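Overview (structure and organization)
What follows is each chain in one-letter form.
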Amino acid sequence: MELITKYFPHLTEVQTEQFSKLQELYEDWNLKINVVSRKDIDELYLRHVIHSLGIAKVIKFLPDAQILDVGTGGGFPGIPLAILFPETNFHLVDSIGKKIKVVDEVVEGLQLTNVKTTNARVEEIKGNYDFIVSRAVAAMPTFVHWVKGKIAKKSNHELKNGILYLKGGDLSEELEPYKSAVIYPLKDYLEEEFFETKKVVYLPMKYKG
């Protein structure tokens, strides 16, 4: 929890309580359904929670905004972002049923009312979203193909609607086709060594009606 308050000092009591419950909830569920590696469970706040919240260093989601989390796995980055932005709507999607089961249980345990989940491939999801978030589930060209046609027309944030993607390593080749992509190195915001090579990639996307 110290890590959370270090970077996000202005949490409400409810948010503080929700963030502090994450360790216990994930440890408990991970024993039944393995969604997070042993090493990562021991460093849950660093490797998963704060990493997810790296997106919040780049953008502040507005109330009533619609955010789609693709390939959420155990609920990252969606659940930490949903705690931080309680008035924003999050839709967490994963094609693996057991992962969504864990997400559902964590959402219930935290009493998050701004999260809905779907066990499906993202191509099957209908609707439009202000932003699509994810943690390195595929190379950017594949990901862009998956989420085509899911961006809302009207942009209300300082950043235009699009993709916010957590990724590490050298992205120059992968992002070559996307001249409008902006890379935000997380080491500019988070001082732990883990974030040295981690980035948020922002790719604005046009509405296709």
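Values in this document were obtained by computation on a predicted structure and should not be read as measured data.

Ranked by size, the top nonpolar core spans 54 residues in total, and within it L22, Y26, F61, I79 and L164 carry the most contacts. Considering each element in turn, this core owes the most residues, six residues, to helix α4 (residues 44-53). V93, A138, L175 and V201 belong to the second-largest nonpolar core, a separate cluster that totals 22 residues.

Under the 1.5 Å per step criterion, the end-to-end length of helix α6 (residues 97-110) is 20 Å for 14 residues, consistent within 8% with the ideal 20 Å. What α6 keeps buried is the set I100, V102, V103, V106, V107 and L110. Axial view of α6: buried residues confined to an arc of 155°, hence all on one face. On its buried face, α6 sits against α2 (13-32), α5 (78-84), β2 (89-94) and β3 (115-119). Directly after α6, the chain includes Q111, whose backbone phi takes a positive value near 55°.

All right, on to the environment of G127 then. Among the secondary structure elements, G127 is positioned in the loop between β3 and β4 (131-135). Exposure remark for G127: the relative accessible area of 37% places this residue in the partly exposed category. Spatially, the C-alpha atoms of G127 and I96 are 21 Å apart, while their sequence positions differ by 31 residues. Beyond its immediate sequence surroundings of up to four residues, G127 is in contact with G149 and K150.

Examined bridge by bridge, β2 and β3 share five bridges and lie parallel to one another. Opposite L92, over in β3, you have T117 as the bridge partner.

Below, the discussion takes up the pattern of salt bridges. Inspection of the entire model under this criterion finds 11 salt bridges. Across the salt bridge formed by E105 and K101, the nearest N and O atoms sit 3.8 Å from each other. Taken together, the positions of E105 and K101, both in helix α6 and four residues apart, correspond to about one turn of that helix. Notably, a salt bridge pairs K167 with E174, separated by 2.7 Å at the nearest N-O pair. We note that K167, like E174, is buried.

Analysis parameters
- Residues numbered from 1 in each chain as written.
- Predicted model: local features only at pLDDT ≥ 70, side-chain atom pairs only at ≥ 80, totals over all residues.
- Heavy atoms only, no water.
- Core = buried A, V, L, I, M, F, W, Y, C linked by side-chain atoms within 4.5 Å.
- Buried < 20%, exposed > 50% of the residue type's maximum accessible area, 1.4 Å probe, protein only.
- Helix = DSSP H or I, 4+ residues; strand = E, 2+ residues; numbered from the N terminus.
- Expected span 1.5 Å × (residues − 1).
- Arc of directions from axis to C-beta.
- Contact = heavy atoms within 4.5 Å.
- Pairing = 2+ DSSP bridges.
- Salt bridge = Lys/Arg side-chain N within 4 Å of Asp/Glu carboxyl O.

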